[in-house]
Amino acid sequence: MDKGMIALGAGLAIAVAAGLAALAIGTASGKAFESMAKQPEVSGKIQGLLLVAIVFIEACAIYALVVSLLLLFVF
Amino acid sequence: MNGLQDFFSAFAREFIDKIKIGGRDISANIEELLDFSAVFTWDLGFVQIPVTKAMLNLFLTVLIIPFFCCFLSRRREVKAGKFQSVIETLLGLLNKLCENSGLDEEQTRKFAPFAGAVFMYILVSNLLSVFSLEAAAVNPAFPIALALFDIICVIVWGIYLSGFTGFLRSLIAPKAFMLPFNLLDYVIKPISLAFRLFGNIFGASILIAFLRAVIPLFLPQVLGLWFEVGDGIIQALVFTYLTINYVGEIVERGRKKSPAEKGKEAAEAAA
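Anyway, here's the lowdown on the structure attached to this text. Chains are numbered independently. Their residues run from 1 in the order of the written sequence. The order in which chains are written sets their letters, starting at A; the order in which ligands are written sets their numbers, starting at 1. Restriction of local features to residues with pLDDT of at least 70 applies here, the model being predicted, together with a cutoff of 80 or more for giving and counting side-chain atom pairs; totals for whole chains, interfaces and linings are based on all residues. In computing side-chain properties, one takes all heavy atoms of the structure into account and sets aside hydrogens as well as water.

## A word on the pairing of strand β1 (residues 40–43) of chain B
Residue and element names in this part refer to chain B.
- Bridge count for β1 against strand β2 (residues 48–51) is 4 bridges, and the pairing is antiparallel. Pairing of T41 across the sheet is with P50, part of β2.
- Between any two strands, at least two bridges found by DSSP are needed for them to pair. Think of it this way: any DSSP run of H or I at least four residues long counts as a helix, any run of E at least two long counts as a strand, and we number them from the N terminus. Counting the residues that bridge the hairpin from β1 to β2 gives 4 residues, and of these G45 lies at a positive phi of roughly 95°.

Structure representation (structure tokens):
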């Protein structure tokens, strides 16, 4: 297959995934900081939940990374 | 005079060449990273084991951990010194993580050492990449095997901590029609664990290998501090955290409901 098209596809995959994941992490942490400012007494709990949420969001971007690496190195 | 000039120009050319592409092809570095073939074959007589780079890393990890633990636990005293209180704080953090996920004190005492062992195993194997030994998670076989082992351990620990009936009860929580989704969870969890570890470490290694080829002077060392050390610690932490949470989920859901809660639920169903 055409090497250039594969490279283009890999780049597009990670670009879309990284952009959307960044958007999601921004929204999540923004909301979390907002609620932390409103209720400082539960900020510890929110921090833990935020970490988990960010890990799950990041996982989606990582899947795209794995796919694009497979595209680059396997095909 | 002319000779000196020649020498300097040759030196500069060499130096620029080094900075530009590290004196080698860019793809050679990445190619070396992607080489998963056996370094040598370990002949046991009746069976031959091909030893890869990841396996060498893991052998070293298993050798390092006992020494490290002996070093950490030497000269224990009742009145904790500075060094000892740091270690005790970290262990307290681990215990608190277990208790927050739904285990009670007795179960935490049983389960926390396993979680700590998983953490140490991934952490040391990841941090060995600082000594340019290439983290084991670069080879996809390691994270996949580790995640499969981990999910089996989670199920076994769930059965051990909450009993077989408790485990069955956790499968039909919160309602019986959730059973296929709960079963599907045990397929998705190891896949997500394996891909997360592999993707993070492999992506970081590719980036560092690329930078080493393009700008070998200063950037790979500084960025390596974040991508290899920082990311290695975070991924080990995340893996442990999720393992604890999976077990905590089974125990939490498998707990027998108290009569008061049962009565409340029946009243809700009636209403």
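What follows continues from the structure just given.
## Some details on the packing of aromatic side chains
Residue and element names in this part refer to chain B.
- Here the aromatic set is Phe, Tyr and Trp, taking the six-membered ring for Trp, and pairing holds for ring centres within 6.5 Å; pairs whose planes are under 30 degrees apart are stacked, those over 60 apart are edge-to-face, and all others are tilted. One pass over the full model with this rule turns up 9 aromatic pairs over all chains.
- Residues F111 and W157 carry aromatic rings whose centres are separated by 5.2 Å and whose planes lie at 80° to one another, so their mutual orientation is edge-to-face. In this pair, F111 sits in helix α5 (residues 105–127) while W157 sits in helix α6 (residues 141–171), placing the two residues 46 residues apart along the sequence. Accessibility classification places F111 together with W157 in one group, the buried group. Think of it in three bands: residues with accessible area under 20% of the maximum for their type are buried, residues over 50% are exposed, and the middle band is partly exposed, with areas taken using a 1.4 Å probe on protein chains only.

## Points about helix α7 (residues 179–214) of chain B
- The terminal C-alpha atoms of α7(B), which comprises 36 residues, lie 52 Å apart, in line with the 52 Å expected from a rise of 1.5 Å per residue.
- Bend, at a single residue, is the angle you get between axes fitted to the 7 residues ending at that residue and the 7 residues starting at it. At B:Y186, α7(B) shows its maximal bend, which comes to roughly 30°, and the proline B:P190 appears one to four places after that position. To estimate the expected span of a helix, subtract one from its residue number and multiply by 1.5 Å.

## Describing α5(B)
- Over its 23 residues, α5(B) extends 32 Å from the first C-alpha to the last, a length consistent with the 33 Å expected when each residue adds 1.5 Å.
- Pairs of N or O atoms within 3.5 Å make up the polar contacts considered here, provided that, within protein, one atom can donate a hydrogen while the other can accept it, and that residues adjacent in sequence are counted only when both atoms are side-chain atoms. Capping of α5(B) at its N-terminal end is provided by B:D104; its side-chain oxygen lies 3.3 Å from the backbone amide nitrogen of B:E106.

## Concerning a nonpolar patch on the surface
Residues and elements named next belong to chain B.
- Patch rule: a residue counts if its relative accessible area is over 30% and it has no salt bridge; like charges are joined within 9 Å, and nonpolar side chains (Val, Leu, Ile, Met, Phe, Trp, Tyr) within 5 Å. The Shrake-Rupley method, run with a 1.4 Å probe sphere, supplies the accessible areas, and residue values consider only the shown protein chains as cover. The salt bridge criterion pairs a side-chain nitrogen of Lys or Arg with a carboxyl oxygen of Asp or Glu, the two atoms within 4 Å. Residues L60, L63, I64, F68, F71, F83, V130, F131 and L133 make up a contiguous nonpolar surface patch of about 810 Å² in total accessible area.
- The element that contributes the greatest number of residues to the nonpolar patch is helix α3 (residues 53–72), accounting for 5 residues.
- Note on placement: I64 falls in helix α3.
- Under the relative-accessibility criterion, I64 is labelled partly exposed at 32%.

## Describing unusual backbone geometry
- Not every positive phi belongs to a glycine, and B:E134 is a case in point at roughly 65°.
- Examined against the element boundaries, B:E134 turns out to sit in the loop between α5 and α6.

## Brief notes about the interface of chain A and chain B
- Contacts are assigned to residue pairs that have any heavy atoms within 4.5 Å of one another. At the interface, 12 residues of chain A touch 15 residues of chain B.
- At the junction of chain A and chain B, the tally comes to 0 residue pairs in polar contact (both at pLDDT 80 or more).
- For this classification, Asp, Glu, Lys and Arg are treated as charged, while Ala, Val, Leu, Ile, Met, Phe, Trp, Tyr, Cys and Pro are nonpolar and the rest, including Gly, are polar. Split by residue class, the side of chain A that touches chain B holds 10 nonpolar, 1 polar and 1 charged.

## Some details on empty space enclosed by the protein
Residue and element names in this part refer to chain B.
- Cavities and pockets are found on a 1 Å grid laid over the protein atoms alone: a cavity is a set of points where a 1.4 Å probe fits but cannot escape, a pocket is an open set with protein on both sides within 12 Å along at least five of seven lines, and a lining residue has an atom within 4 Å of such a point. Grid points are joined across faces, edges and corners, and a volume is the space filled by probe spheres set on the points. Overall, the coordinates contain 5 cavities of 30 Å³ or more when judged by the stated rule.
- Looking at the largest cavity, its volume works out to about 70 Å³.
- Residue lining of the largest cavity: S170, L171, N182, D185, Y186, K189, E249, I250 and R253, and that is the complete set.
- Among the secondary structure elements, those contributing two or more residues to the lining of the largest cavity are α6, α7 and α8 (219–254).
- The leading source of residues in the lining of the largest cavity is α7, at 4 residues.
- Taken together, the residues of the lining of the largest cavity break down into 3 nonpolar, 2 polar and 4 charged.
- As a volume, the second largest cavity reaches approximately 50 Å³.
- As for the second largest cavity, its lining consists of N126, S129, A135, I201, A204, S205, F227, E228 and G232.
- Mapped onto the lining of the second largest cavity, the elements with two or more residues apiece are α7 and α8.

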